[in-house]
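# Structural description and commentary
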Amino acid sequence: LTLPLVIINLGGEMAYILDQRLHSQSIEKEKSSKVMTDIIQSLLNPGDIDRYFKPQEIYSMSKLRAVFDKLAHCSTMRLNTSSMDKLFDLMVIGFKYQIMQCRTANELFNVTLNHLVSIRGLVDPGTHARVDTAIERFESVYGGLRVGSWNLIRQTLLHNFQDKRIKASIFLSEGKQNSDSSMVVDIGPLGPGFRVPGCVRFFSREGREVQVEHVRLPLSSVCTPHSPDEFIRVGLNLYSREGAAASSAANPSRPTTAEADEARHARDPFTFFEEVSCDTCGERVCKIYSEDADHCSRLDGTLRRTRLNHRICCQCLTRHNCTTKFGFSFRFSLDACQQCLVRDKQWIWVGCMIEHEDEKWLKACPTSEEAPAAILEYQASLVGFVMPKHIEKLPSWVYNQFFGLEVLDFSGCQEIERLPLQDMLKKLPRLSKLELTGCSRLWSPPHEICAQGGEATVRFLRSVNKSGSFSSTLNIFLIGDGESGKTSVVKALNSDEGRADYIRTDHRTVGVDVTTWQPNPNMNFKIYDLAGQEIYSKTHQLVFLRRAVYLFVWRARVWQGRQLSACVLTWLNALNNRIPGAYLVFVVTHIDQVDSGLLDALCGEVKDTVEQWNEPKPAANGAPAASTLRPKILGQGESVRVNCLSGDGIQRLKESIVAFAESMPWYREPIPFSWMKLQTTLERFGKFIKFLPLSKYKNLVDDCGVEREMLKSATSFFHDTGVIRFFGHDLDCPDSSDALASTVYTSTVWIIDVLKGIICHDRQCLMDYFIKNQDRVMIRHLSQMNVTGKVNRRLIPFLWPSQPASKPFWDHFRSSDRRGRDLWPEDIVSGPGDLDSAIALLEGFDLLVWQGDSCLVPGVLMPTKFPMNPALDADGCPCCTHFEYAMLPPGAFERLVTSIAKRNPCYTECKSFHASFHLEDGRFCQAFTYRNSSGGVQSDSLIIRSDSREILQEAEQVLQKIEGFFEGITRLSRTDRSKESRDKKPSSSQPNNILWAGDVGKQSSNEVDCSHCIRTQRTDRHAFQKSKLVSQWCELLAEPGKEVPSVKCPACEWEHRLLDILTTCRIPELRPCPCCKGAGHENRFSFNAGECRLQLDYERMNQAAAVTCFGCMAAGRPGQIRIADIAPEEAFVSGLCSVEVSAREAVMSALVLVEQFSDVLFFKREDGVRNPGKLRNTFAVVVLLSDAYLRSSLCKEEFLAAVRSGQLIIPILMPDEGGRGPGGDSLGWTGPRTKEEYWQHAVDAGGDETAWTVLQLYEPYVLPPSGARAEGEGGQAADRAFVELLAAKLESHIQRPGKISVFESMTTRGIRLSYLDRFVERFGGREAMAGLSTAQVVQRFISPATEASRLSFCDLLLSEGQDRWVAQSDWFFSHSWSYRFLDVVDAAKSFFAPPAREEGGGSGGDGSG
């Protein structure tokens, strides 16, 4: 912690000296201000500040000199070596003098603060924000340090500067330095808390001071007591004293001491302090002068700067302003406030609400039976009490002597565990408001009722008192990793024999399974069996309930390293973030699969992990502490050992659960009888009815006897307890309004089924179905969902059984897969109303938001991690806020993304860790999260940044709502990293934060593989050099009627048409970021063009569509790259302006389908404007031939340019439907339609034999007339056969190395045996892999190699042009990934020792791809 002090204080001294020199040389004010501003901005650059604040050793003098050399030359001012030597020496000796003048070590805080506040006056107002940010950072780190830490810092500084003995004229002339370079230490006013030397104090046995005597010593007359009015001046500008008045008059921006004090007070009213005797308790305390009130605070007997949100005396702060200064996240640190330790036992401050007057805070005794006289004076006009936040119980005189009370406010009283509710209701008949929000330890009345406000709480309590009933239903949640035995535990609990049948691996839980269990007549449990896969953790948070026993189930097996502890901590943190204070039971299964010694060791590890995790942890750096409500854990984390197959331990588990549940405060919880009747009715309805219209629900409430004034309270209570789900805000809205606001969901099972359909870990069966039916459009929609999180409207019926559009799939799924019948025994959505309600439910849970014809569902994306460290200084995002959490709960980031997208119509690019929002008005926002690990402590960072302060504020409001949902979340810090205000307005229609990289040029290669070799999977496939065939092509163009020559492949001897080879392109899918490439970065981030194309909405090609380059983000750029710059259009449509409107619409509809079928993007322009750049960068040209096209000079120019460059020409003969162009020519094709004859019509109608004779080389395609065209997929007018022919033609002429094919269910590609040795050498040889298992090889070598491209290793080899090593596998080499990898390689080579074996194809393995 010493280095930041050195940098800031030396930088301050440097600023003082340079400021004095600039003024003494009469430099113009404008130039002088610019120099100082440049230096201070560089000194306090947030990136450098972050680097200095990292834990590290203090820099050596030479390294410090290098830092300030660079700093001094960041402006227009230039210093030679001699001047820099003098400047640095003067800086060092000035700081050394200030260190030695500090009377106590913690005065270094004030020295540094004086430097920062003073340099704030030396710069222009535009730099004040950066200085203020540095001040806040400094205060947050050093404001809470104890005396011992400050002494250690002072000792380090003195040790570092002890050899710097430099004479300075200013110090010599003022007598602050001796001639031998030693410093003169002032002896005068003592520091706070110190007495004059010679003071002798006498104490009694009880420790009280009884007598004081003074002995005269030599220093007694020199040392003076500390003055309360004294201001610490060490650290101020020493060089401004000479001619201070004249200097101030000449340069108003340069503050005098009084001006600096006034400026500091204006910035923060809680700055000046002094030590006084407290007028209430007599203690010597720190008095803080502020603009609105006086406070007192004593912190460890030391005087230091404090803030209201950090270690302020809770009693005095309560007396100051209870309403505004106590939030629910405020925590009281009694150990840090000695006054409160006394007052807790003897007296408290109580806020008295008096009619027609403000609140009065009066002193009272918490244990006395009688109210104090000071409060009794107001008895006649007293209407309520506000209790101090640390109170543990309600004083009896409150309800025994003040019978007219109307209000009792316990908001934020987290130590209260029980209230005398019966006495309060009986003796306080006028009580109408009981505020209990934030009382986390209080269980009665329920938290769900307290959250609705004080009036609702009183109505609930009086209703219970009048006609109460008891609830006998509780919940059990089984949590833990997948395949740990949770489902077997459920079956064993429900079995009379206490055993479960064997469960196959493919029958693991999907989402949540709900069952019931009744261990005895007086207790009913609803059991929730939660799937353990990570993707489901996002929705588990939605079903967690407070009134539940949580069974953490783990499996006894050999765990590697600390994996078991990590698994336990992951689930404990996730649960505690959502349900602080949960009741937990630990269960270990499969105990027969390990020996007793290992089982004991594993159980001991779990118990130690739980005990360590459950210890209360103090808040760090003044941040709000974690919830004081700790989980209740059975047996302090001792695991109940069970074997579900044999039944061992099941009976003990049943007894433990029942006994534990009976100890819960919700067991036989009192609720109004009418509410109990309504709950029973709703649960019965939920078995048969999925949801109710709001009007029918209200009728049901009336029938059960619930009063209308309690309708809102009852509905909110049952929503929070999971009985129903209602997301509306107005219970009086009509049923005709939107589904979300007028629907009450009554079936828990149906709600979970809806969640299960949208968040699923495996959709392979659906993909296989689409592949089997060759439905390429749906295959693309499904792939788009898996990659981008966007679910097309046409795909939604396939999420749940069953709509008419998806019924064939669900019939096939249920008939062909037994698991399908078990998983979906009944239809979930059987009509349009069901589907609308299901979608509305997901919107209510913030899982889904509509964007055009697709809905964004971030939760469907598989969990991944941020690929590299982001830089927070993005030039295009000046507004930035950094949040740090102990753990960001699963699902929180996805809720943030959908909530921001709901508020602002935008295009959204989303990953599981990152989202970019491109708003329709041109504004831009980014959010991303990543895991921090330093010193063995992990935390999660969430960054939100934008080019608009308004958008950033909206995002923070959304985040506050999410934090309210996760009651136990611990926010460690919030840091505003915004740059100075730079409101940029978009200069054009282009989104102003997207980096437009421009045209990337044609990606195709000169080499083209033999298509027949590819189809037959030959290892020695031949690659044609297109440049060598150009001469033959030129000869063919000169004589179009000449027969097209053939070219034979020397490898397979297959004969190819010359035209087919020349018009085929090889375009790699792995593309470098154009911005990284333009910046000259060596480690460029790479995109997969196929994934980028999945981001596009083909029907509405959005030019703002962008993807994020994380390499750019690491370099401090927003990293938003247009998809058009990664995956540009590869086909050009010529002639759209020369066809009829109806035919043009048909072509456009057909091309949309062709794009999805062939994965090739078209450039389509209807205005007839020439665009040669786009034409050059495509490999294919679709020519829409009509008579008008043949007469158009623009169209002829485009056609000839495509022919000369060897592009694929696809002529489409347009139907003649009577339309005429400007010259009277038909907008359709009027000639013959066969290949042999159609070109002759083109020559005759076009009047240019040279141009149109070339058409005889190309096969024409005929677009059917409008009468013959059928309605195709999605209601688009296009003939499917025509589309498939066109798509097949394009696919046959483009080769994409590295392309991930979504049109096959499972790839069987593998690598050749002979590549294994090359693989080992590629990653460092056998020495680098010695002793490594296959899992370690994958983690260390394969994963990093494929991370950027997201390709399999086989696809990566293809993208690198190493096709000869990849082929269809003939063998599958199965082995455990814990085996040593080199042993596996040697075994494979030994097995395939005969050379003839290798010729059969590639050998696949579970670790190769």
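Reading the values: rules and limits
- Residues numbered from 1 in each chain as written.
- Predicted model: local features only at pLDDT ≥ 70, side-chain atom pairs only at ≥ 80, totals over all residues.
- Heavy atoms only, no water.
- Helix = DSSP H or I, 4+ residues; strand = E, 2+ residues; numbered from the N terminus.
- Buried < 20%, exposed > 50% of the residue type's maximum accessible area, 1.4 Å probe, protein only.
- Contact = heavy atoms within 4.5 Å.
- Areas by Shrake-Rupley, 256 points an atom, 1.4 Å probe, with all protein chains shown as cover.
- Pairing = 2+ DSSP bridges.
- Arc of directions from axis to C-beta.
- Axes fitted to C-alpha atoms, helices over the stretch in contact; angles between N-to-C directions.
- Disulfide = S-S within 2.5 Å.
- Expected span 1.5 Å × (residues − 1).
- Phe/Tyr/Trp six-rings, centres within 6.5 Å; stacked < 30°, edge-to-face > 60°.
- Lys NZ or Arg CZ within 6 Å of the ring centre and 35° of its normal.
- Polar contact = N/O pair within 3.5 Å; in protein donor to acceptor, adjacent residues only side chain to side chain.
- Patch = residues over 30% accessible without salt bridge, like charges linked within 9 Å, V, L, I, M, F, W, Y side chains within 5 Å.
- Salt bridge = Lys/Arg side-chain N within 4 Å of Asp/Glu carboxyl O.
- pLDDT = per-residue confidence, 0-100.
- Parallel < 35°, antiparallel > 145°, perpendicular 65-115°, else oblique.
- Left-handed = near helix turned anticlockwise from the far one by under 90°.
- Nonpolar A, V, L, I, M, F, W, Y, C, P; charged D, E, K, R; others polar.

Before going further, it helps to examine the overall build of the protein. When helices and strands are counted, the protein shows 54 helices and 48 strands. When each of the 1409 residues of the protein is scored for burial, the buried share is 54%. Within the protein, contacts between residues at least 6 apart in sequence are counted, and of these 71% link residues at least 24 apart. Here the protein displays about 61800 Å² of accessible surface, and carbon together with sulfur accounts for 49% of that area.

Turning our attention to the pairing of strand β8 (residues 382-386). The buried count for β8 comes to five of five residues, which makes it a mostly enclosed element. Taken together, the four bridges between strand β6 (residues 348-354) and β8 define a ladder with antiparallel strand orientation. Bridge assignment links isoleucine 354 to a residue of β8, and that residue is leucine 382. In this sheet, strand β9 (residues 407-409) lies alongside β8 in parallel orientation, the contact comprising three bridges. What sits directly across from valine 386, in β9, is aspartate 409.

Here we take up helix α53 (residues 1381-1391). Within α53, the full set of buried residues consists of Phe1381, Leu1382, Val1384, Val1385 and Ala1388. End-on, the buried residues of α53 take up no more than an arc of 160°, which puts them together on one face. Looking at the buried residues of α53, the elements they touch are α49 (1315-1322), α50 (1325-1329), α51 (1334-1347) and β47 (1366-1373).

Of note, alanine 556 is situated in the loop between β15 (548-555) and α21 (563-578). Put simply, alanine 556 and aspartate 595 are 39 residues apart on the chain and 9.6 Å apart in space, counted from C-alpha to C-alpha. Leave out the neighbours within four places in its chain, and alanine 556 touches Val588, Thr589, His590, Ile591, Gln593, Val594, Leu599 and Leu602.

Let's shift gears to the sheet that holds strand β44 (residues 1261-1262). Where strands meet in a sheet, backbone hydrogen bonds hold them as pairs that are either parallel or antiparallel. Strand order in this open sheet of five strands is β41-β40-β42-β43-β44, and the pairing throughout is parallel. Taken across any chain shown, the strands that pair with only one partner, and hence form the sheet edges, are β41 (1162-1163) and β44. Two strands pair when backbone bridges link them, and strand β40 (residues 1131-1134) and strand β42 (residues 1180-1185) are joined in this way by four bridges, in the parallel orientation. The partner of phenylalanine 1132 across the bridge, within β42, is valine 1181.

Below, the discussion takes up the sheet that holds strand β22 (residues 790-792). What the three strands build is an open sheet, ordered β22-β24-β23; its pairing is antiparallel. For this open sheet the edge positions go to β22 and β23 (849-851), each flanked by a neighbour on one side alone. The sheet shows a mean angle of 35° between the axes of neighbouring strands, taken without regard to direction. As paired strands, β23 and strand β24 (residues 854-856) are joined by three bridges and run antiparallel to one another.

The subject of this paragraph is unusual backbone geometry. In this structure, the amide linkage connecting serine 444 to the following residue, proline 445, adopts the cis form with an omega of 5°. Here proline 445 lies in the loop between β10 (433-435) and α17 (447-450). Residue serine 802 is reached from proline 801 by a cis peptide bond, and omega for that bond is -15°. One non-glycine residue with positive phi stands out, namely histidine 590, at about 55°. Secondary-structure assignment places histidine 590 in the loop between β16 (583-589) and α22 (596-614).

Attention now goes to the state of the cysteines. Applying the stated criterion across every chain, the model contains zero disulfides. Left without a disulfide partner, cysteine 877 is nearest to the cysteine sulfur of cysteine 880, which lies 7.8 Å away. The class for cysteine 877 is buried, based on a relative accessible area of 2%. Cysteine 880 sits in the buried class, given a relative accessible area of 0%.

Looking now at helix α7 (residues 128-142). With 15 residues, α7 extends 21 Å between its outermost C-alpha atoms, agreeing within 8% with the 21 Å of an ideal straight helix rising 1.5 Å per residue. When α7 is considered as a whole, its buried residues turn out to be Arg130, Val131, Asp132, Ala134, Ile135, Phe138, Glu139, Val141 and Tyr142.

Turning our eyes to something else, we now look at the packing of aromatic side chains. For the structure shown, the criterion picks out 51 aromatic pairs. An aromatic cluster is built from Tyr769, Phe770, Phe798, Phe809, Trp810, Phe813 and Trp824, whose rings are joined through pairwise contacts. A cation sits over an aromatic face here: lysine 63 above tyrosine 59, 4.3 Å from the ring centre. Seen from the ring of tryptophan 559, arginine 557 lies directly overhead, with NZ or CZ sitting 3.8 Å from the centre.

With respect to the helices and strands, the residue aspartate 1125 is situated in helix α41 (residues 1123-1126). Within polar-contact distance, the side chain of aspartate 1125 engages the side chain of arginine 1122 at 2.9 Å.

One can find threonine 746 in the loop between β21 (743-745) and α27 (748-758). In terms of polar contacts, threonine 746 uses its side chain to reach the backbone carbonyl oxygen of isoleucine 689, at 2.7 Å. Setting aside chain neighbours within four positions, we find threonine 746 in contact with Leu682, Gly686, Ile689, Lys690, Phe691, Leu692, Val723 and Ile724.

To continue, consider a nonpolar patch on the surface. Together, Val200, Phe202, Val210, Val215 and Leu217 give the surface a local cluster of nonpolar side chains, amounting to about 400 Å² of exposed area. Positionally, valine 215 belongs in the loop between β2 (209-214) and α10 (244-250).

Pairing between side chains becomes possible if they bear opposite charge and their charged atoms approach one another. Per the counting criterion, the structure on display carries 47 salt bridges. Taking the shortest distance from any N to any O, the salt bridge between arginine 103 and glutamate 107 comes out at 2.8 Å. Overall, arginine 103 belongs to the partly exposed group, its relative accessible area being 30%. Look at glutamate 107 and you get buried, because its relative accessible area is 4%. Here aspartate 1009 and arginine 1066 are joined by a salt bridge, their closest N and O atoms 2.8 Å apart.

Confidence in the prediction for the protein averages 78 pLDDT; 83% of positions are at 70 or higher. Note on residues 619-627: pLDDT under 50 across the span, and 16 contacts to partners over four residues away in sequence or across chains. Overall, residues 981-1002 carries pLDDT values under 50, and its contacts beyond four positions in sequence, including any with other chains, amount to 46 contacts.

Another aspect to go through is the packing of helix α29 (residues 776-788) against helix α42 (residues 1141-1158). Two numbers describe how α29 lies on α42: the axes approach to 8 Å, and their chain directions differ by 65°. Here α29 is positioned roughly perpendicular relative to α42, judged by the angle of their axes. With respect to the hand of their crossing, α29 and α42 are arranged in left-handed fashion. Contact with α29, carried on its side by Arg776, Val777, Arg780 and His781, involves Leu1153, Glu1155, Gln1156 and Phe1157 of α42 and no other residues of that element. Of the residues contributing to the contact of α29 with α42, the split by class is three nonpolar, two polar and three charged.

Let us look at the packing of helix α19 (residues 486-494) against helix α23 (residues 650-662). Two elements in contact, α19 and α23, have axes whose closest approach is 10 Å; the angle formed by their N-to-C orientations is 85°. Viewed along their axes, α19 and α23 adopt a mutual orientation that is roughly perpendicular. Of the residues in α23, those touching α19 at Val489, Ala492 and Leu493 are Ile650, Leu653, Lys654 and Ile657. Grouping the constituent residues of the contact of α19 with α23 by class yields six nonpolar, no polar and one charged.

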